[in-house]
Amino acid sequence: MQYIQKGRNMYSSPKKIGSMEIKNRFVRSATFEGMATEDGYITDKHITLYKELAEGGVGLINTGHAYVHENGKAFDKQTGVSDDKYINGLRKIADVVHKNSKNCKVALQISHSGRQSRCLENTIAPSALEEKLTRKIPREMTKKEIIDIIDAFSQAIRRAKEAGFDAVQIHGAHGYLISEFLSPYINKRTDDYGGSIDNRIRILEEIYNTSVDLVEKEFPIFIKLNAVDFVEGGTSIEESTKVAKRLEKIGYSAIEVSGGIWEVATLKKKDLGWKPTFLPESRILIGTVNEPAYNLPYAKEFKKVLDIPVILVGGINSLSLVKNILNNESADFVSFARPLIREPNLPNRWMNGIGNDEVDCIFCSSCLSTVVTPGLQCAKLHSK
Ligand SMILES: Cc1cc2nc3c(=O)[nH]c(=O)nc-3n(C[C@H](O)[C@H](O)[C@H](O)COP(=O)(O)O)c2cc1C
């Protein structure tokens, strides 16, 4: 494949995710906003954020993760999609993106926090194993609860479509509930939802099959997955590529490749004690400035086995790197979280040849603390 396609740079060329055409290869990776009201409604801060992103030229925006069930809320001030009462508010996000862009698409990222909730006292998970960062021991989910959560995901997908979103991304990464089911480190069940890969995938199979009964088959449902959990006994690249291939067969329309679970922060720091702060130096889900495109080796493995698009996220720090990734077909889309907090206009800047080849973000991760208060922003502790 040529880097220059029909006189256009590859990064400006459109490509489909399922039935949805994305106008270019730049994706905004899901980024928790910390902007909702205490009871999960969106606020004017969301509108400003998504207007800026839409105007900045990105082809597809994934929202921050929204909880599908009250018992799966990860953080205070997280957006809710667990009830029809949220549809009208969510519609404002879809509308502001569509009205303020030339055909930017927007996907609602939906999640259940499982054992990783920071704001709930009582958590549920596939198995009752202590989460070492929060020190909470979740309750093992009953089969009935699994079925309820499958329904909650499906209803959330229906609500996203009714609210005008172009697609849904399921958060299947970073140690939240779906990645807990997939992970042999966390899922120790002995019933139909644990054990073999087929059993650990079952929840995703049933979410997909229940959802297509509620939305048209054309409505794209895609997923962010852990290539690796970064813990011994956790998801490995050998397994995650098999999982991805199975998800493709089920009907999922793209895979975003990520990795890590929050607990890795604790496992890496033996002397941690209890410290309820983020640990940016850990490769839990995000890398440092010294690790450009740190998920690239994994994305390449996914590309080898998949026909559906692969989205690469993590530490993508320059246009040259973007060109290399796309030109070598190591991924179909490049996805950004921190760089777009710093510079929402980054895609337009690059596409118009303005400024540096490099992103302005220095991957210091201080944005992680701004989601607590006052709502997502670059802490601007640095200047280049
Ligand atoms: C402030 C912040 C919030 C995040 N929230 C989410 C989220 O809601 N869902 C998700 O899948 N990943 C989330 N992530 C991870 C990013 O989507 C992305 O995978 C990670 O930051 C690596 O990409 P980057 O190097 O471009 O920042 C978040 C990251 C940051 C910094």
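These numbers were taken from a predicted model, which means no experiment stands behind them. (Residues numbered from 1 in each chain as written. Predicted model: local features only at pLDDT ≥ 70, side-chain atom pairs only at ≥ 80, totals over all residues. Heavy atoms only, no water.)

Trainee: Looking at this structure, how should I read the overall build of the protein?
Mentor: Summing up its helical and strand segments, the protein has 12 helices and 15 strands in all. Relative to the globule expectation of 21 Å for 384 residues, the C-alpha radius of gyration of the protein, 19 Å, shows essentially globular dimensions. On the principal axes, the C-alpha backbone points of the protein span a range of 55 × 50 × 40 Å. Across the protein, the fraction of contacts at a sequence separation of at least 24, relative to all contacts at a separation of at least 6, is 69%. In the structure as shown, the protein presents an accessible area of about 15000 Å², 49% of it carried by carbon and sulfur atoms. One finds the centroid of the 52 positive side-chain charges in the protein at a distance of 4 Å from the centroid of its 48 negative side-chain charges. (Helix = DSSP H or I, 4+ residues; strand = E, 2+ residues; numbered from the N terminus. Rg over C-alpha atoms; globule rule 2.2 N^0.38 Å. Contact = heavy atoms within 4.5 Å. Areas by Shrake-Rupley, 256 points an atom, 1.4 Å probe, with all protein chains shown as cover. Lys, Arg positive; Asp, Glu negative; His and termini not counted. Charge placed at Lys NZ, Arg CZ, Asp CG, Glu CD.)

Trainee: When you look at the packing of helix α5 (residues 197-212) against helix α6 (residues 237-250) in this model, what are you seeing that I'm missing?
Mentor: The geometry of a pair of packed helices is captured by two quantities: the angle between their axes and the separation between those axes. Their axes nearest at 10 Å, the elements α5 and α6 cross at an angle of 35°. Along this stretch, α5 crosses α6, giving a crossing that reads as right-handed. Facing α5, whose interface residues are Ile-197, Asp-198, Arg-200, Ile-201, Leu-204, Glu-205 and Tyr-208, α6 presents Glu-239, Lys-242, Val-243, Arg-246, Leu-247 and Ile-250. (Axes fitted to C-alpha atoms, helices over the stretch in contact; angles between N-to-C directions. Left-handed = near helix turned anticlockwise from the far one by under 90°.)

Trainee: What's the story with the side chain of Arg-159 in this structure? I'm lost.
Mentor: Mapping Arg-159 onto the fold places it in helix α3 (residues 143-162). Polar side-chain contacts of Arg-159 include one of 2.7 Å to the side chain of Asp-84. The residues touching Arg-159, leaving out its near neighbours within four places in the chain, are Val-81, Ser-82, Asp-83, Asp-84 and Ile-87. (Polar contact = N/O pair within 3.5 Å; in protein donor to acceptor, adjacent residues only side chain to side chain.)

Trainee: Looking at this model, I keep getting lost on the pattern of salt bridges. Mind explaining?
Mentor: Two side chains bearing opposite charge may form a pair once their charged atoms approach each other closely. All told, the structure shown has 20 salt bridges when counted by the stated rule. Ionic pairing is found between Asp-192 and Lys-143, a salt bridge with its closest N-O pair at 3.4 Å. Separated by 49 residues along the polypeptide, Asp-192 in the loop between α4 (177-182) and α5 and Lys-143 in helix α3 bring together distant segments of the chain. What you see here is one network of salt bridges that share partners, running through Asp-84, Arg-158, Arg-159 and Glu-162. (Salt bridge = Lys/Arg side-chain N within 4 Å of Asp/Glu carboxyl O.)

Trainee: What am I meant to see in the site of the ligand here?
Mentor: Around the ligand, the surrounding shell holds 25 residues, and the nearest of these are Ala-30, Phe-32, Gln-109, Gly-315 and Arg-338. Measuring from an oxygen atom of the ligand, one finds a backbone N or O atom of Ala-30 at 2.6 Å. Contacts to the ligand include Lys-224, whose side-chain N or O atom sits 2.8 Å from an oxygen atom. Look at the ligand: alone it shows 600 Å² of surface, and the protein chains cover 96% of it. Sorting the residues of the shell around the ligand by element identifies α10 (338-342) and α12 (367-370) as the ones contributing at least two each. The residue inventory of the shell around the ligand, partitioned by class, reads 14 nonpolar, nine polar and two charged. (Near = heavy atom within 4 Å. Nonpolar A, V, L, I, M, F, W, Y, C, P; charged D, E, K, R; others polar.)

Trainee: How do you make sense of the packing of aromatic side chains when you look at a structure like this?
Mentor: Scanning the entire structure with this criterion turns up eight aromatic pairs. Ring geometry for Tyr-11 against Phe-26: centres 5.7 Å apart, planes inclined by 45°, an arrangement best described as tilted. Of the two residues, Tyr-11 sits in the loop between β2 (8-9) and β3 (15-17) while Phe-26 sits in strand β5 (residues 26-28), which places them 15 residues apart along the sequence. Here the aromatic rings of Phe-26 and Phe-336 are separated by 6.2 Å at their centres, their planes lie at 40°, and the arrangement is tilted. Pair noted here: Phe-26 is in strand β5 and Phe-336 is in strand β15 (residues 333-336), with a separation of 310 residues, a long-range link. As far as burial versus exposure is concerned, Phe-26 and Phe-336 are alike and both buried. Here Arg-118 stacks its cationic end above the ring of Trp-262, 5.0 Å away from the centre of that ring. (Phe/Tyr/Trp six-rings, centres within 6.5 Å; stacked < 30°, edge-to-face > 60°. Buried < 20%, exposed > 50% of the residue type's maximum accessible area, 1.4 Å probe, protein only. Lys NZ or Arg CZ within 6 Å of the ring centre and 35° of its normal.)

Trainee: Quick question: what am I supposed to make of the environment of Ile-341 here?
Mentor: Within the fold, Ile-341 resides in helix α10. Among the residues examined, Ile-341 registers a relative accessible area of 16% and is labelled buried. Along the backbone, Ile-341 and Cys-367 are 26 residues apart, and their C-alpha atoms lie at a distance of 7.8 Å. When near neighbours in sequence (up to four residues on either side) are disregarded, Ile-341 contacts Thr-31, Cys-367, Leu-376, Gln-377 and Cys-378.

Trainee: I tried to follow the environment of Gly-34 on my own but got confused; where do I start?
Mentor: Structurally, Gly-34 can be placed in the loop between β5 and α1 (44-55). Using a relative accessible area of 4% as the deciding quantity, one classes Gly-34 as buried. For the pair Gly-34 and Phe-230, spaced 196 residues apart in sequence, the C-alpha to C-alpha distance is 26 Å. Beyond its immediate sequence surroundings of up to four residues, Gly-34 is in contact with Lys-77, Val-371 and Gly-375.

Trainee: Just checking my understanding: could you explain the pairing of strand β8 (residues 105-111) for this structure?
Mentor: Extensive coverage of β8 is indicated by the burial of seven of its seven residues. Side-chain alternation along β8 places Lys-105, Ala-107, Gln-109 and Ser-111 on one buried face and Val-106, Leu-108 and Ile-110 on a second face that is also buried. Here strand β6 (residues 60-62) runs beside β8; their pairing, made up of three bridges, is parallel. Its bridge partner lying in β8, Asn-62 is registered against Ala-107. In this sheet, β8 lies alongside strand β7 (residues 66-67) in parallel orientation, the contact comprising two bridges. Each residue of the ladder has a partner; that of Ala-66, found in β8, is Ile-110. As paired elements, β8 and strand β11 (residues 167-172) share four bridges and run parallel to each other. The residue of β11 that forms the bridge with Ala-107 is Ala-167. (Pairing = 2+ DSSP bridges.)

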